[in-house]
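Okay, here's what each chain looks like letter by letter:
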Amino acid sequence: MTKDVNDNSQNREEENNQNRKNDDSEELIYEDDQVENNLSSIEEKVEKLKKRLKQCQAEKEEHLTNWQKSQADLANYRKRQEERIKEIYQAANVKLINDLLPVLDALEKAIECQDSNQKTKQGLDFLYNQFKSVLSNYGLEIINPVGENFNPDFCEAVDIIPCSKQDEGKVMEVIQKGYVLDHRLLRPAKVRVGKATNS
């Protein structure tokens, strides 16, 4: 009987060992399945992250390109505005200086017509030179074509006077001064042009 009990106990122990082995191998299989599932899950997550990274990089490039375009547009806008302001400023100068030219002409006539009073002549000369200096600071230049060939771009012929053959077609006298403002004609010079006489 003790032998039977021992055998039974041994059998039970072997069964228990077998059951434990089976349980262990099932646990190993289960753990392997879990590891495989975790690996495939990790791989899926990595793939998703790679796709998201590519999307983010594409979005970053798009935003960078748009920002650069915006910066260029802003720089161009500022440049256009500066040019526009400069044009407005020049147009205002042209109008103002055009309105002041008759005053300059009147001062010249006053100096020419001045009689013997030396102090008055000096005062008018001073006033005229100061006025001319201020206008030249704003870019006003006098057109004085005496002795040069007649140029219809800067001169207006109001009279023809007899002259020698070598002076034909040249400006002989300026009746009214012409002016250029910032390399643009403001007022043409009114001149007398020479024409050779047949003698």
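Residues numbered from 1 in each chain as written. Predicted model: local features only at pLDDT ≥ 70, side-chain atom pairs only at ≥ 80, totals over all residues. Heavy atoms only, no water.

Chemist: So, the sheet that holds strand E6 (residues 189-196): which residues are in play, and what are the values?
Modeler: Read across the sheet, 3 strands follow the order E2-E6-E3 without closing on themselves; strand pairing throughout is mixed. A single partner strand is all that each edge strand has here, and the edge strands are strand E2 (155-163) and strand E3 (171-176). Averaged over all neighbouring strand pairs, the angle between strand axes comes to 30°, with direction disregarded. Bridge analysis of E2 against E6 gives 8 bridges, and the strand direction is parallel. Paired with Ala 157 across the strands is Val 191, a residue of E6. (Pairing = 2+ DSSP bridges. Helix = DSSP H or I, 4+ residues; strand = E, 2+ residues; numbered from the N terminus. Axes fitted to C-alpha atoms, helices over the stretch in contact; angles between N-to-C directions.)

Chemist: Pulling in residues and values, what's your account of the sheet that holds strand E1 (residues 140-143)?
Modeler: The antiparallel open sheet is built from 3 strands, whose spatial order is E1-E4-E5. Of all strands in the sheet, those with a lone pairing partner are E1 and strand E5 (184-187), marking the two edges. Adjacent strand axes in the sheet meet at a mean angle of 35° when their direction is disregarded. Inspection of the sheet shows strand E4 (residues 178-181) paired to E5 by 3 bridges, in the antiparallel sense. Residue pairing for E5: Val 180 is matched across the bridge by Leu 185.

Chemist: Go over the nonpolar core with me, naming the residues and quoting the values.
Modeler: Formed by Ile 97, Leu 101, Leu 104, Leu 107, Ile 111, Leu 124, Tyr 128, Leu 135, Leu 140, Tyr 179, Leu 181 and Leu 186, the largest nonpolar core amounts to 12 residues. Looking at this core, the elements with two or more residues in it are helix H1 (2-113), helix H2 (118-137) and E4. (Core = buried A, V, L, I, M, F, W, Y, C linked by side-chain atoms within 4.5 Å. Buried < 20%, exposed > 50% of the residue type's maximum accessible area, 1.4 Å probe, protein only.)

Chemist: Before we move on, could you go through the environment of Tyr 179 and cite the residues and values that matter?
Modeler: Within the secondary structure, Tyr 179 sits in strand E4. Look past the residues within four positions of Tyr 179 in its chain and what remains in contact with it is Leu 101, Leu 104, Asp 105, Glu 108, Leu 140, Glu 141, Ile 142, Ile 143, Arg 184, Leu 185, Leu 186 and Arg 187. (Contact = heavy atoms within 4.5 Å.)

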